[in-house]
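Chain residues, written in single-letter form:
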Amino acid sequence: MKKKKKIIISNRLPIQIERKKEKLIIKPSAGGLATGLNSAFDSDEILWVGWPGIVPKDAEEKEKIVELLEPMSLLPVFLSKDEIRNFYEGYSNEVLWPICHYQPSYIHFDREYWSTYVTVNKKFCEAALSIDQLSDFIWVQDYQLMLLPQLLRAANQTLNIGYFHHIPFPSEELFMNIPQRKELVEGLLGADLIGFHTFADSQNFLNACKKILHVSSGYNQLKYKDRHIFVESFPMGIDFDKFVQVSHQPKIQSIASQFRSHFPDQKIIISVDRLDYSKGILERLRAFLTFLEKYPEWHTKVVLYMLIVPSRDKVSQYKKLKDEINRKVSEINSIYGNLSWTPVLYFYKSLPFEELVGLYVASDICMITSTRDWMNLVSKEYIASKTLSKGVLILSEFAGASKELVDALIINPYNRTETADSIYQALKMPPEEIQERTDANIQIIQKFNVQHWVQLFTNRLAETKAIQRDEWARRISDKVFSSISERYSKSSNRLFFLDYDGTLVKFQNHAQKATPTTLLYNLLDNIISDPLNTLVIISGRSQESLSSWFDGRSYYLVAEHGIWSNFPNFNWSYKKGLALHWMPEVKKLMEKLADQTPGAFIEVKPYSLAWHYRKVELGLGELKATELKEILNPMLNDYGLQLLDGNAVIEVKNTEVNKGKAALEIAGHIKADFMLAIGDDITDEDLFRYLPQSTISIKVGGNKSAAKYYLDEQEDVLQFLNQLIIK
């Protein structure tokens, strides 16, 4: 049986195509992603979709490219020059790139950019869907294709889709500047698993989703349109063994020795960057200038060797950056250089792989001063090349790698003095400390290599799909509903326990506005019109609220999680003997937090207290609620209290009462042969746990629950009940 294909979709295919004397020459590119995938899977398992990096001259050449790439399991997506300009150079790199690298002033909006971005993402979708073979998964790569996951999902709900964002994801305040912010986050939420390099990036994305789409989320997941989507960090690694093996080769050692011979009495600081404003190249030069000013004893004894790989230098911002680098290098060399010493050696070119490794081996310090960087693999390549030689890594705190390589000298590149002092510290560092720091970093890089990164993501994607399948099995499908309906029709004594807020009515910012509608009254009256049915509304609401809405109707009411009840004779009574001496102290603490939190308010019930934060600014409410829980937790055992962490509310009450105990007491009298319980939040978990196993328990929302089944939304509850009671 043929293995299912692992489909990788990226902006560029992992190849380079050149025209030479009317012939097409194809060369593989040695990118980290390609290396990791090829080492993790058999070559016949992977099918790669992407732009081939060339615009065909005519239909004949286009067909020829397809033929050449097919044996390599590469499927080209052809783009016109206009599409390349508007999609890649335009929207991807003049809107998304600067905003993700915290440079909003560099953004350039153009109407054509967005429309082309949408068109090209659709082209990639059509190419992927044209593959006439089952896929194990589809893994979409990077910011150029942020709409693609949702386009694929819309075409086929069953697909197993992963997405990885290879650049930083900005704070939600910055991301909100993009006019198409909603379309972009919705595009990514078509994936089952969304990966970032750092935990901070993953949290920024979740915060953006909460702000833009008003969805609730956990620290690594959210629910959107009936699906749980996981959002996690997977720091990318390098091919560690490759760098170690190459750095050990005699040829590389010879290159390193030859390089060092040009600087016999000097320490060598290297930096390797692509020309980009996110790399902090000017910040590095300014810090080096400060170092030379502050530590004159190092004049003639150190050299900064800067290798800058050409990139987008025809774009005005990059051309300006290149000019500024040239001026700053000239300034430093003119101030401090002499006939025998040039402080900064600057080369605008790329090096062959072996020469680059030789440069790593030969140098004493590698200096990375990114002002915002996705991961910065140069830092890892440098460490992997130093297993036979010593070297110090100076690493910006704004590079993703700084979260892993904590034994580097971590710097803030905007702080010139701090960075200059770090250069001095690196130059004076004892060999034993250098070795200790290098060995610690090597352990990290060796374990979290690119193969590990691929395996970790793809394994987690498989786990995510399994979790979704389990969740889907709990969802009330047509088959499940038929089974429940059959039990309902065959039963002779039925008991309904229904929560109120979030179950029978939607949540409102103003709690008093969440009143029963005519449709709800009709539904509840229809339920109890059948003499075989008994209905109980069981809520955290006050007795006064439930009484004002439902008194005089033939269904039972349980208020304040079981403190008040009108069962069995429709006359209200409360649970006697409950201690109240704790309330003044807890109320005082709640008031203090409410005074600090605009929008928060306290609901005082006769036997419980609730701190509401539904109207508080997103993020601040959750933060203050956590603070309140931390303050209250030590008091709970002392006073015999229970803290209920509900939907935008923290409620404190006696442990002697809960919905589960109240429901069980009623169920003991009714002796029903069909029992149904529906609720939406943590306060309803007691209800699900206390009632007998035969109870049909339903959670509103697919969060983890003791309930057997779930419905997606509050509106689904009303539809479910209406269909159930139809004779």
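Residues numbered from 1 in each chain as written. Predicted model: local features only at pLDDT ≥ 70, side-chain atom pairs only at ≥ 80, totals over all residues. Heavy atoms only, no water.

*Asks:* Can you break down the overall build of the protein chain residue by residue, with the values?
*Replies:* Check the secondary structure of the protein chain and you find 25 helices and 28 strands. Principal-axis analysis of the C-alpha atoms places the extent of the protein chain at approximately 105 × 65 × 45 Å. The burial tally for the protein chain puts 56% of its 727 residues in the buried class. When contacts within the protein chain are restricted to residue pairs at least 6 apart in sequence, those whose partners lie at least 24 apart make up 70%. As displayed, the protein chain offers around 32,100 Å² of accessible surface, 50% of which is attributable to carbon and sulfur atoms. (Helix = DSSP H or I, 4+ residues; strand = E, 2+ residues; numbered from the N terminus. Buried < 20%, exposed > 50% of the residue type's maximum accessible area, 1.4 Å probe, protein only. Contact = heavy atoms within 4.5 Å. Areas by Shrake-Rupley, 256 points an atom, 1.4 Å probe, with all protein chains shown as cover.)

*Asks:* Please provide a residue-by-residue account of unusual backbone geometry, values included.
*Replies:* With an omega dihedral of 10°, the bond running from Phe-567 to Pro-568 counts as a cis peptide bond. Phi is positive for Tyr-102, which is not a glycine, with a value near 60°. Of note, Tyr-102 is situated in the loop between helix H3 (81-100) and helix H4 (111-129). By relative accessible area, Tyr-102 is classed as partly exposed at 25%.

*Asks:* Give a description of a negative patch on the surface that names residues and reports values.
*Replies:* Among the surface-exposed residues, Asp-58, Glu-60, Glu-63, Glu-67 and Glu-70 lie close enough to one another that they form a single negatively charged patch. Note that Glu-70 resides in the loop between helix H2 (59-69) and strand E5 (74-76). (Patch = residues over 30% accessible without salt bridge, like charges linked within 9 Å, V, L, I, M, F, W, Y side chains within 5 Å. Salt bridge = Lys/Arg side-chain N within 4 Å of Asp/Glu carboxyl O. Lys, Arg positive; Asp, Glu negative; His and termini not counted. Charge placed at Lys NZ, Arg CZ, Asp CG, Glu CD.)

*Asks:* Account for the packing of helix H9 (residues 240-248) against helix H10 (residues 250-261), naming residues and giving values.
*Replies:* One can describe the packing of H9 onto H10 by two numbers: an axis separation of 5 Å at closest approach and a directional angle of 70°. By the criterion of interaxial angle, the relationship of H9 to H10 is roughly perpendicular. Two secondary-structure elements touch here, H9 through Val-246, Ser-247 and His-248 and H10 through Pro-250, Ile-252 and Gln-253. (Axes fitted to C-alpha atoms, helices over the stretch in contact; angles between N-to-C directions. Parallel < 35°, antiparallel > 145°, perpendicular 65-115°, else oblique.)

*Asks:* Just give me the short version of the sheet that holds strand E13 (residues 344-348), but keep the residues and values in it.
*Replies:* Ordered by their spatial adjacency, six strands build an open sheet running E13-E12-E11-E14-E15-E16, and the pairing between neighbours is parallel. Whereas interior strands pair on both sides, the edge strands pair on one side only; in this sheet they are E13 and strand E16 (409-411). On average, each strand axis in the sheet is inclined to that of its neighbour by 20°, with strand direction left out of account. As paired strands, strand E11 (residues 267-274) and strand E12 (residues 302-309) are joined by eight bridges and run parallel to one another. Note that in E12 the partner of Ile-268 across the bridge is Val-303. Helix H13 (residues 353-362) contacts E11 and E12 of the sheet and is inclined by roughly 140° relative to E11. (Pairing = 2+ DSSP bridges.)

*Asks:* With reference to specific residues and values, describe helix H21 (residues 583-595).
*Replies:* Under the 1.5 Å per step criterion, the end-to-end length of H21 is 18 Å for 13 residues, consistent within 8% with the ideal 18 Å. Those residues of H21 that are buried are in contact with strand E22 (601-604), strand E23 (609-612), helix H22 (620-639), strand E24 (641-646) and strand E25 (649-654). (Expected span 1.5 Å × (residues − 1).)

*Asks:* Now, about the packing of aromatic side chains: what can you tell me, with residues and values included?
*Replies:* The full count for this structure, using the stated rule, is 40 aromatic pairs. Taken together, a centroid distance of 5.4 Å and an interplanar angle of 90° make the contact between Phe-169 and Phe-205 edge-to-face. Placement of the pair is Phe-169 in the loop between strand E7 (161-164) and helix H6 (172-175) and Phe-205 in helix H8 (residues 199-213), with a sequence separation of 36 residues. What makes Phe-169 buried here is its relative accessible area of 0%. Phe-205 sits in the buried class, given a relative accessible area of 0%. Taking 6.1 Å as the distance between ring centres and 85° as the angle between the ring planes, the aromatic pair formed by Tyr-360 and Tyr-382 counts as edge-to-face. Here Tyr-360 is found in helix H13, whereas its partner Tyr-382 is found in helix H14 (residues 377-384), with 22 residues between them in sequence. (Phe/Tyr/Trp six-rings, centres within 6.5 Å; stacked < 30°, edge-to-face > 60°.)

*Asks:* Quick one: what's the story with the nonpolar core, residue by residue and with numbers?
*Replies:* Note on soluble globular proteins: their nonpolar side chains tend to be buried together. Core analysis: the biggest nonpolar cluster contains 162 residues, and Ile-9, Leu-152, Leu-184, Ile-194, Phe-205, Phe-291 and Ile-325 have the highest contact counts within it. When residues no more than four places from it in sequence are discounted, the contact partners of Leu-152 are Ile-9, Cys-125, Ala-128, Leu-129, Ile-138, Val-140, Leu-159 and Ile-161. Ranked by size, the runner-up nonpolar core spans 43 residues in total, among them Ile-537, Leu-546, Ala-559 and Ile-563. (Core = buried A, V, L, I, M, F, W, Y, C linked by side-chain atoms within 4.5 Å.)

*Asks:* Can you explain the environment of Pro-584? Please cite residues and give values.
*Replies:* Inspection of the secondary structure puts Pro-584 in helix H21. For the pair Pro-584 and Glu-186, spaced 398 residues apart in the sequence, the C-alpha separation amounts to 46 Å.

*Asks:* An account of the pairing of E7 is requested, with residue identities and associated values reported.
*Replies:* Because side chains alternate across E7, one face comprises the buried residues Ile-161 and Tyr-163, and the other comprises Gly-162 and Phe-164, equally buried. Across four bridges, strand E6 (residues 135-141) lies against E7 in parallel orientation. For Trp-139, the partnering residue across the bridge sits in E7 and is Gly-162. The parallel pair E6 and E7, bridged by helix H5 (residues 148-155), forms a crossover whose chirality is right-handed. (Right-handed = clockwise from strand over helix to strand, strands pointing away.)

*Asks:* Got a sec to walk through the sheet that holds strand E18 (residues 533-538)? Specific residues and values, please.
*Replies:* In a beta sheet, neighbouring strands are held together by backbone hydrogen bonds and run either parallel or antiparallel to one another. The sheet built from eight strands is open, its strands ordered E21-E20-E19-E18-E17-E26-E27-E28 with mixed pairing. Lying at the two open borders of the sheet, with one neighbouring strand each, are strand E21 (573-574) and strand E28 (709-711). Relative to strand E26 (residues 674-679), strand E17 (residues 494-498) is paired through five bridges, and the arrangement is parallel. Within E26, the position partnered with Leu-498 by the bridge is Ile-678.

*Asks:* Explain the pairing of strand E10 (residues 227-233) to me, and be specific about the residues and the numbers.
*Replies:* Strand residues, when the strand is regular, have side chains that alternate between the two faces of the sheet. Burial analysis of E10 places six of its seven residues in the buried class, the great majority of the element. Note: strand E8 (residues 193-196) against E10, four bridges, orientation parallel. Each bridged residue has a counterpart across the sheet, and for Gly-195 the counterpart in E10 is Glu-232.

*Asks:* Tell me about the environment of Thr-503, and please be specific about residues and values.
*Replies:* Looking at the element boundaries, Thr-503 is found in the loop between E17 and helix H19 (518-529). At 3.0 Å, the side chain of Thr-503 forms a polar contact with the side chain of Asp-499. (Polar contact = N/O pair within 3.5 Å; in protein donor to acceptor, adjacent residues only side chain to side chain.)

*Asks:* Requested: an account of the packing of H3 against H4, with residues and values cited.
*Replies:* Interaxial distance between H3 and H4 falls to 8 Å at its minimum, and their mutual angle equals 110°. Judged on the interaxial angle alone, H4 and H3 are roughly perpendicular. Helix-helix and strand crossings are classified by hand; for H3 and H4 the assignment is left-handed. Facing Glu-83, Asn-86, Phe-87, Gly-90, Tyr-91, Ser-92, Glu-94 and Leu-96 of H3, the residues of H4 in contact are Glu-112, Tyr-113, Trp-114, Thr-116, Tyr-117, Thr-119, Val-120, Asn-121 and Lys-123. (Left-handed = near helix turned anticlockwise from the far one by under 90°.)

*Asks:* Outline the pattern of salt bridges, listing residues and values.
*Replies:* All chains considered together, the criterion is met by 39 salt bridges. Linking Lys-6 and Asp-136 is a salt bridge whose minimum nitrogen-to-oxygen distance equals 2.8 Å. Here Lys-6 is found in strand E1 (residues 5-12), whereas its partner Asp-136 is found in strand E6, with 130 residues between them in sequence. For Asp-136, a relative accessible area of 31% corresponds to the partly exposed category. In this structure, Arg-260 and Asp-364 form a salt bridge, with 3.3 Å as the shortest nitrogen-oxygen distance. Here Arg-260, found in helix H10, pairs with Asp-364, found in the loop between H13 and strand E14 (365-368); they are 104 residues apart in sequence, far enough to count as distant. Within the structure, one salt-bridge network assembled from shared partners comprises Arg-153, Asp-192, Arg-227 and Lys-465.

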